[in-house]
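Geometric and topological summary
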Amino acid sequence: MKTRITDITGTRYPIVQGGMQWVGRAELASAVSNAGALGILTALTQPTPEALMAEIERCRTMTDKPFGVNLTILPTTQPVPYDAYVEVIAESGVKLVETAGRSPAEFIARFKQAGVRIIHKCTAVRHALSAQRAGVDAVSIDGFEAAGHPGEDDIPGMVLIPAAARALDIPILAAGGMATGRSMAAALALGAEGVTMGTRFMLTRESPVHDGIKQALIQGTERDTTLIFRALRNTARVFRNSVSQEVNSRESQPGATFEDIRELVSGARGRVAMESGDVEAGLVWAGMGIGLMDDIPTCAQLVDRIVAECRESLARASALTAEGE
């Protein structure tokens, strides 16, 4: 498959593994890249910029294919040395960065100087246009179905993807609910030139997440996620468990603030859940696409299946709409 996205990523297929905290490690990123897609290391999973450089070098020992680094720029309870992480990425020789959160405008010149291409994750067309003006090479447009932070507009991919494709000159990746070859075919038909998948790659054999979490998520349906932080205007989609339900309950109280939920939503608790397999130990981030996931394949099996199903779906749609003799 050749699109403007594969021109940017240097990969066989226009499929990108989204950056995921505690998940985007060398084991997963290298397996995704070896399968012909683009693996992504998550910078802030590493405790220091120096640890990120070591993880990049470790990933290089596991794949000779292109991979990238995600840098998510969001408010945190502890200050993050973003400039130092940017410098490590720029000096590492990695050729692609996925940015998320606030605008990466202040870091674009440094990335460009180092020859790093930039894909920025957006949840609204207006943000994508701003990123395009700032100089990013592509955007990943995240619909309301997505795990993580889908924005405050609640626009699903069926509308958001073609709206972005109509408005932008740079290529777009479709994200949010991307879980099968049919999803990818739909995204291409709507104007995207590739897809970003987070939860689907998390639920693979190479993903460094406890099997107990993987099993819980593949047993879930499209109704088993919930939205938290709505009252704080920082909406996030997570798996529905006792922790997320308690967050919802506390948030609904009059005058609730972040301090009322801080101990429930700490990254440390989430990491315990991911590593222990206890799905009730903390927040588990997942998208609505879990309703389309019912197995735990290898990354190679997953990518091959998605590409084959995408081609079959596009051929079927073409046959259905062919003009009669």
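Concerning the side chain of Thr-196
Positionally, Thr-196 belongs in strand β8 (residues 195–197). Look at Thr-196 and you get buried, because its relative accessible area is 5%. In this structure the side chain of Thr-196 is engaged in a polar contact, spanning 3.1 Å, whose partner is the side chain of Ser-140. If we ignore the near neighbours within four places in the chain, the residues touching Thr-196 are Val-16, Gln-17, Gly-18, Glu-98, Ser-140, Leu-173, Ala-174, Ala-175, Gly-176 and Met-178.

Details of the pairing of strand β5 (residues 117–122)
Direction of pairing for strand β4 (residues 96–101) relative to β5: parallel, over a ladder of four bridges. From the neighbouring strand, Leu-96 faces β5, where its bridge partner is Arg-117. Since β4 and β5 lie parallel, the crossover through helix α5 (residues 105–113) that links them has a hand, and here it is right-handed. Relative to strand β6 (residues 138–142), β5 is paired through four bridges, and the arrangement is parallel. Following the sheet pairing, Cys-122 is matched in β6 by Ile-141. What joins β5 to β6 is helix α6 (residues 125–134), and the crossover it makes is right-handed.

Considering the environment of Ile-172
Residue position: Ile-172 is located in strand β7 (residues 172–175). Between the alpha carbons of Ile-172 and Ala-131 there is a distance of 12 Å; along the sequence they are 41 residues apart. Setting aside residues up to four positions removed in sequence, Ile-172 forms contacts with Ile-5, Val-139, Ile-141, Ile-161, Ala-164, Ala-165, Gly-191, Ala-192, Glu-193 and Gly-194.

A few points about the pairing of β7
Residues of β7 alternate between two faces, with Ile-172 and Ala-174 on one and Leu-173 and Ala-175 on the opposite face, all of them buried. Bridge count for β6 against β7 is four bridges, and the pairing is parallel. Its bridge partner being in β7, Asp-142 is matched across the sheet by Ala-175. Of the crossover connections in this fold, the one passing from β6 over helix α7 (residues 157–167) to the parallel β7 is right-handed. Pairing of β7 with β8 involves two bridges; the strand directions are parallel. Note that in β8 the partner of Ala-174 across the bridge is Val-195.

Examining the packing of helix α3 (residues 49–60) against helix α4 (residues 82–92)
Running from N to C, α3 and α4 point in directions that differ by 30°, and their axes come no closer than 9 Å. On the basis of the axis angle, α3 is roughly parallel to α4. The hand of the α3/α4 crossing is right-handed. Each of Pro-49, Leu-52, Met-53, Ile-56 and Arg-60 in α3 lies in contact with α4, whose residues at this interface are Ala-84, Tyr-85, Val-88, Ile-89, Glu-91 and Ser-92.

Some remarks on the packing of helix α8 (residues 181–189) against helix α14 (residues 299–320)
Axis separation between α8 and α14 bottoms out at 7 Å; the angle between their running directions is 55°. One way to sum up the angle between α8 and α14 is to call them oblique. Handedness of the α8/α14 crossing: right-handed. Residues Gly-181, Arg-182, Met-184, Ala-185 and Leu-188 of α8 pack against Ile-306, Glu-309, Cys-310, Ser-313 and Leu-314 of α14. Of the residues assigned to the contact of α8 with α14, the class counts are six nonpolar, two polar and two charged.

Thoughts on the sheet that holds strand β2 (residues 39–42)
Here eight strands make up an open sheet; going across it, the order is β1-β8-β7-β6-β5-β4-β3-β2 and the pairing parallel. Lying at the two open borders of the sheet, with one neighbouring strand each, are β1 (15–17) and β2. Averaged over all neighbouring strand pairs, the angle between strand axes comes to 30°, with direction disregarded. Running over the sheet, helix α2 (residues 26–34) touches β1, β2 and β3 (67–73) and is turned about 165° from β2.

Some details on the environment of Thr-204
For Thr-204, the location among the structural elements is in the loop between α9 (199–202) and α10 (211–218). Through-space distance from the C-alpha of Thr-204 to that of Pro-297 is 5.1 Å; in sequence the pair is 93 residues apart.

Details of unusual backbone geometry
One non-glycine residue with positive phi stands out, namely Trp-22, at about 70°. With respect to the helices and strands, the residue Trp-22 is situated in the loop between β1 and α2. The class for Trp-22 is buried, based on a relative accessible area of 18%. Not every positive phi belongs to a glycine, and Arg-233 is a case in point at roughly 60°. Its place among the elements puts Arg-233 in the loop between β9 (225–228) and β10 (236–239).

Some details on the layout of surface pockets
In this structure, the second largest pocket encloses a volume near 230 Å³. What lines the second largest pocket is a set of 16 residues, and nearest its centre among them are Glu-145, Gly-176, Gly-177, Met-178 and Ser-183. Elements represented by at least two residues in the lining of the second largest pocket include exactly α7 and α8. Taken together, the residues that form the lining of the second largest pocket break down as eight nonpolar, six polar and two charged.

What counts as what
Counting starts from 1 at the beginning of each chain's written sequence and moves along it residue by residue. Reporting in this predicted model follows two pLDDT cut-offs: at least 70 for local features of residues, and 80 or more for side-chain atom pairs to be given and counted; totals over whole chains, interfaces and linings ignore these cut-offs and use all residues. Excluded from the side-chain calculation are hydrogens and water; included are all heavy atoms of the structure. Each helix corresponds to a stretch of at least 4 residues labelled H or I by DSSP, and each strand to a stretch of at least 2 residues labelled E; elements are numbered beginning at the N terminus. Relative accessibility decides the category of a residue: with a 1.4 Å probe and only protein chains considered, values under 20% of the type maximum give buried, values over 50% give exposed, and everything between is partly exposed. Each polar contact in these results corresponds to two N or O atoms within 3.5 Å; when the atoms are within protein, one needs to be able to donate a hydrogen and the other to accept it, and residues that are neighboring in sequence are counted only if both atoms are side-chain atoms. It only takes one pair of heavy atoms within 4.5 Å for two residues to be counted as in contact. A pair of strands is considered paired only if DSSP assigns at least 2 bridges between the two. Viewed with both strands pointing away, a crossover whose connecting path from the first strand over the helix to the second turns clockwise is right-handed. Working convention: axes come from line fits to C-alpha atoms, limited for helices to the stretch in contact. Angles between N-to-C directions cover 0 to 180 degrees. The labels follow the angle: roughly parallel below 35 degrees, roughly antiparallel above 145, roughly perpendicular from 65 to 115, and oblique for the rest. In this scheme, a crossing is called left-handed if the near helix is turned counterclockwise away from the far one by less than a right angle; it is called right-handed if the turn is clockwise. Each residue is assigned to one class: nonpolar for Ala, Val, Leu, Ile, Met, Phe, Trp, Tyr, Cys and Pro, charged for Asp, Glu, Lys and Arg, and polar for all the others, Gly among them. Cavity: a set of points on a 1 Å grid over the protein atoms alone where a 1.4 Å probe fits but cannot get out. Pocket: an open set with protein on both sides within 12 Å along at least five of seven lines, its lining residues, like those of a cavity, having an atom within 4 Å of a point. Grid points are joined across faces, edges and corners, and a volume is the space filled by probe spheres set on the points.

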